[in-house]
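Survey of secondary and tertiary structure
What follows is each chain in one-letter form.
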Protein chains: 2
Amino acid sequence: MVVVKMTEGVEWALHCCLDLAWAGDTPVPAARLAAHHGLPPAYLTKQLQALGRAGIVRSTPGPRGGYLLDRPPHTVTLMDVVAAVDGTDPAFRCTEIRADGPHTTRCAIDTAMARADLAWRRELAARTLADLDADVRRADPDAPATTRARLT
Amino acid sequence: MVVVKMTEGVEWALHCCLDLAWAGDTPVPAARLAAHHGLPPAYLTKQLQALGRAGIVRSTPGPRGGYLLDRPPHTVTLMDVVAAVDGTDPAFRCTEIRADGPHTTRCAIDTAMARADLAWRRELAARTLADLDADVRRADPDAPATTRARLT
DNA sequence: ATAAATCTGGATATGTGATGTCCAGGATTC
DNA sequence: GAATCCTGGACATCACATATCCAGATTTAT
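Okay, so let's go over this structure.

The rules we used
- Residues numbered from 1 in each chain as written.
- Chains lettered and ligands numbered in written order.
- Predicted model: local features only at pLDDT ≥ 70, side-chain atom pairs only at ≥ 80, totals over all residues.
- Heavy atoms only, no water.
- Salt bridge = Lys/Arg side-chain N within 4 Å of Asp/Glu carboxyl O.
- Helix = DSSP H or I, 4+ residues; strand = E, 2+ residues; numbered from the N terminus.
- Near = heavy atom within 4 Å.
- Polar contact = N/O pair within 3.5 Å; in protein donor to acceptor, adjacent residues only side chain to side chain.
- Axes fitted to C-alpha atoms, helices over the stretch in contact; angles between N-to-C directions.
- Parallel < 35°, antiparallel > 145°, perpendicular 65-115°, else oblique.
- Left-handed = near helix turned anticlockwise from the far one by under 90°.
- Contact = heavy atoms within 4.5 Å.
- Nonpolar A, V, L, I, M, F, W, Y, C, P; charged D, E, K, R; others polar.
- Buried < 20%, exposed > 50% of the residue type's maximum accessible area, 1.4 Å probe, protein only.

This paragraph deals with the pattern of salt bridges. Residues and elements named next belong to chain A. Across all of its chains, the model carries 12 salt bridges over all chains by this definition. Notably, a salt bridge pairs Asp70 with Arg58, separated by 3.0 Å at the nearest N-O pair. Of this pair, Asp70 sits in the loop between β3 (66–69) and α4 (78–86) while Arg58 sits in strand β2 (residues 57–60), and the two are 12 residues apart along the sequence. A salt bridge links Asp135 to Arg127, with the shortest nitrogen-to-oxygen separation between them at 3.0 Å. One continuous salt-bridge network, built from bridges that share partners, spans Arg127, Asp135 and Arg138.

Dropping the structure here:
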């Protein structure tokens, strides 16, 4: 059992969420987002659909359609995005099944790993898209406007 | 790119470390450890060798040989074991390479992820084999002695 | 109405890395 | 010298992230 903490798809999804936050209420087609990041459109689509199912993003079909951020940036945590894309995988589960009788208590290793996993999630849940936006503006105040111009 | 992950090998390595702590100064052959957990011996060997290279475990060849824990349990953190088995992988690296000039500052997403990863590692570094031992004894005071008897 | 743009969701291919196996060599004990 | 056990590399296998494709549905624009 490999406990995967994060896939590349999360990184893309986060960048796109930030892009959509900057794009405001102008829908951005998946193809444009993909081109902006130099990503394969067909795969990015999957991440966007996952974000849609999680209620983070909304889509409108047809010409002038595309994706919109469906919640205020300060209400979308990084954990929300990770959960949407990588799934809300069960945390570390110790696979040990010793033949020493019924396990009444949880394996100590399992508990320790779950604690570390929780610390990781807590950190991700403590930061939102608005925080990322603030970080970017601090380093490069023009980035949001530039991105918006490129995407809309 | 899968960023941070944990392999099944870590779980096995941790169990074996605890087993060796209980076995005291009696060497335990890899084959016996594997049988005790119902694991493929040839693969467990790899984890044990990794632990050896990290200085967590020591081995003696020949009859009556096997593996020994090479450090006091309270000096071996879970992070040590994870690093030994899964490698000290570089933390999350944002792969984004936009064509908008040289990146002087680190990507905001990268920073946020690194922070979460650090929280995870810190939690693992805060717990040692001795802590696990204490947890197990609290739940089942006989477990260490039982395991020791089975392995030596 | 018709055409164009865009999303939806499933089927499927590809590639990487974890998992698992095997073997020839060397060290140690008896 | 024989048996036990570790070492390290080469190799096979398998799961899953990554990537692609396509037939349908939905909306906008003319």
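In this section: the protein's contact with DNA strand C. Taken together, 25 residues sit near DNA strand C, with Ala30, Ser59 and Tyr67 of chain A together with Trp12 and Pro40 of chain B positioned nearest. Backbone sugar and phosphate groups make up 61% of those atoms of DNA strand C lying within 4 Å of the protein. Here Lys46 of chain A contributes a side-chain N or O atom positioned 3.0 Å from a base oxygen of DNA strand C. One of the backbone nitrogen or oxygen atoms of Gly62 of chain A is found 3.4 Å away from a sugar or linking oxygen of DNA strand C.

Further remarks concern the packing of helix α6 (residues 129–139) of chain A against helix α5 (residues 108–125) of chain B. The N-to-C vectors of α6 of chain A and α5 of chain B enclose an angle of 125°; their axes lie 9 Å apart at closest approach. By the angle between their directions, the pair α6 of chain A and α5 of chain B is classed as oblique. Where α6 of chain A crosses over α5 of chain B, the two elements pack in a sense that is right-handed. Between α6 of chain A and α5 of chain B, the residues in contact are Leu132, Asp135 and Val136 of chain A and Ala108, Ile109 and Ala112 of chain B, respectively. Residue composition of the contact of α6 of chain A with α5 of chain B, by class: 5 nonpolar, no polar and 1 charged.

Residue and element names in this part refer to chain A. Among the secondary structure elements, Ala116 is positioned in helix α5 (residues 108–125). We classify Ala116 as buried; its relative accessible area is 0%. Considered as a pair, Ala116 and Val82 are 34 residues apart in the sequence and their alpha carbons are 17 Å apart.

Time to look at the protein's contact with DNA strand D. DNA strand D sits among 24 residues. The nearest are Glu8, Trp12 and Pro40 of chain A together with Ser59 and Tyr67 of chain B. The sugar-phosphate portion of DNA strand D accounts for 59% of its atoms within 4 Å of the protein, the bases making up the rest. The contact in question runs from a base oxygen of DNA strand D to an N or O atom on the side chain of Lys46 of chain B, over 3.1 Å. One nitrogen or oxygen atom from the side chain of Ser59 of chain B is found 2.7 Å from a phosphate oxygen belonging to DNA strand D.

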